[in-house]
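Structural description and commentary
Residue-level listing of the chains:
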Amino acid sequence: MSVRFAHLHTHSHYSLLEALPKIDELIEAAKADEQEALALTDTGNMYGAIDFYKAAKAAGIKPIIGVDFFVAPRSRHDKEHRVDDRASRLVLLAKDLVGYKNLIQLVSKSFLEGFHLRPRIDRELMEAYREGVIAILPSIEGEHVIHMRDTMRDKAEEALAFYHKTYGEDLFLEISHHPEIEGHEKLQKMIIEAARASRAPALAAQAV
């Protein structure tokens, strides 16, 4: 039985210091795997969105535009050294044109209003530009995972409650397979349990 799979958390060389693949290489690999769709979710930016969209369309692959955002631990306006240095991550995908325009707004405001070490969004912006997007909480640096790793169960549950309230049926909890990372498998089991408890589906992803 064949299983349909699409990479929905994918970085290109536009994710500075985080990834090497060029857009054409990503699309070529997806086509070789006979994948029908591919998302581009570069870190904090949409520099490659147009080139990716055109190249994917030309290759017969459905392009999905997204961003892997940094999320401020407090407000995007809080920029105190050490207290606000540690940012979590949130992947947002555009479902439609409204969602695409909202991603543009979020990226712009993350640089213009939220920049502290890196461009950041916050909960206020998530709520304001929620329409037309799908949210994926990453399996390594999602807010809930950071709290799980720090054994702060109450904070993890509060974070999940916020994301579920904000994104509803458009929220997914990412799981991945990285046995080379110490404690990763244990965290993935905790994410699956959280997905069941919060009724937010688990979504498989993997570094490419």
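So, a few notes on the structure that sits alongside this text. (Residues numbered from 1 in each chain as written. Predicted model: local features only at pLDDT ≥ 70, side-chain atom pairs only at ≥ 80, totals over all residues. Heavy atoms only, no water.)

Turning our attention to the nonpolar core. Ranked by size, the top nonpolar core spans 44 residues in total, and within it Leu 90, Leu 92, Leu 103, Tyr 163 and Tyr 167 carry the most contacts. Aside from chain neighbours lying at most four places away, what touches Tyr 167 is Leu 90, Leu 92, Met 126, Arg 130, Val 133 and Ala 135. Residues Ala 39, Val 91, Leu 203 and Ala 205 belong to the second largest nonpolar core, which totals 9 residues. (Core = buried A, V, L, I, M, F, W, Y, C linked by side-chain atoms within 4.5 Å. Buried < 20%, exposed > 50% of the residue type's maximum accessible area, 1.4 Å probe, protein only. Contact = heavy atoms within 4.5 Å.)

The next thing to look at is unusual backbone geometry. The phi torsion at Leu 17 lies on the positive side, around 65°, for a residue other than glycine. Mapping Leu 17 onto the fold places it in the segment before α1 (23–32). A residue is classified by how much of its surface remains accessible, and Leu 17, at 91% relative accessible area, is exposed. Of note, Arg 199 is a non-glycine position whose phi angle comes to about 60°, a positive value. Relative to the elements of secondary structure, Arg 199 occurs in the loop between α7 (184–198) and β7 (202–204). (Helix = DSSP H or I, 4+ residues; strand = E, 2+ residues; numbered from the N terminus.)

This brings us to the side chain of Gln 35. Within the secondary structure layout, Gln 35 lies in the loop between α1 and β1 (37–43). Residue contacts for Gln 35: discarding those within four places in its chain leaves Phe 5, Ala 6, His 7, Ala 30 and Ile 61.

Of all 5 residues that make up strand β5 (residues 133–137), 4 are buried, and the element is covered over most of its length. Here strand β3 (residues 88–94) pairs with β5 via 4 bridges, running antiparallel. Within β5, the residue paired with Leu 92 across the bridge is Ala 135. As defined by bridge partners, β5 adjoins strand β6 (residues 171–175) across 3 bridges and the pair is classed as parallel. By the bridge assignment for β6, Ile 136 is matched with Phe 172. (Pairing = 2+ DSSP bridges.)

What follows is about the side chain of Ser 139. Positionally, Ser 139 belongs in the loop between β5 and α5 (143–149). Looking at Ser 139, the relative accessible area reads 1%, which means it is buried. At a separation of 2.6 Å, a polar atom in the side chain of Ser 139 contacts the side chain of Ser 176. Look past the residues within four positions of Ser 139 in its chain and what remains in contact with it is Val 145, Glu 174, Ile 175, Ser 176, His 184, Gln 188 and Ile 191. (Polar contact = N/O pair within 3.5 Å; in protein donor to acceptor, adjacent residues only side chain to side chain.)

Scanning the model with the defined rule gives 3 aromatic pairs in all. Look at Tyr 14 and Tyr 47: their rings are 6.4 Å apart centre to centre, the planes differ by 65°, and that puts the pair in the edge-to-face class. With Tyr 14 in the segment before α1 and Tyr 47 in the loop between β1 and α2 (49–58), the pair connects residues that are 33 residues apart, well separated along the chain. Accessibility expressed as a relative area gives 23% for Tyr 14, which makes it partly exposed. (Phe/Tyr/Trp six-rings, centres within 6.5 Å; stacked < 30°, edge-to-face > 60°.)

Below, the discussion takes up α1. All of the buried residues along α1 are Ile 23, Leu 26, Ile 27 and Ala 30. Angularly, the buried residues of α1 cover 95° about the axis, an arc narrow enough to put them on a single face. Projecting away from the buried face of α1 at angles above 90 degrees are the exposed residues Asp 24, Glu 28 and Ala 32. Buried positions along α1 lie against β1 and α2. The positive-phi residue at the C-terminal boundary of α1 is Glu 34, with phi of around 60°. (Arc of directions from axis to C-beta.)

A word on α2. What α2 keeps buried is the set Ala 49, Phe 52 and Ala 56. Buried positions in α2, seen along its axis, are confined to an arc of 65° and lie on one side of it. Facing away from the buried side of α2, by more than 90 degrees, are the exposed residues Lys 54, Lys 57 and Ala 58. Next to the buried residues of α2 lie α1, β1 and β2 (62–71).

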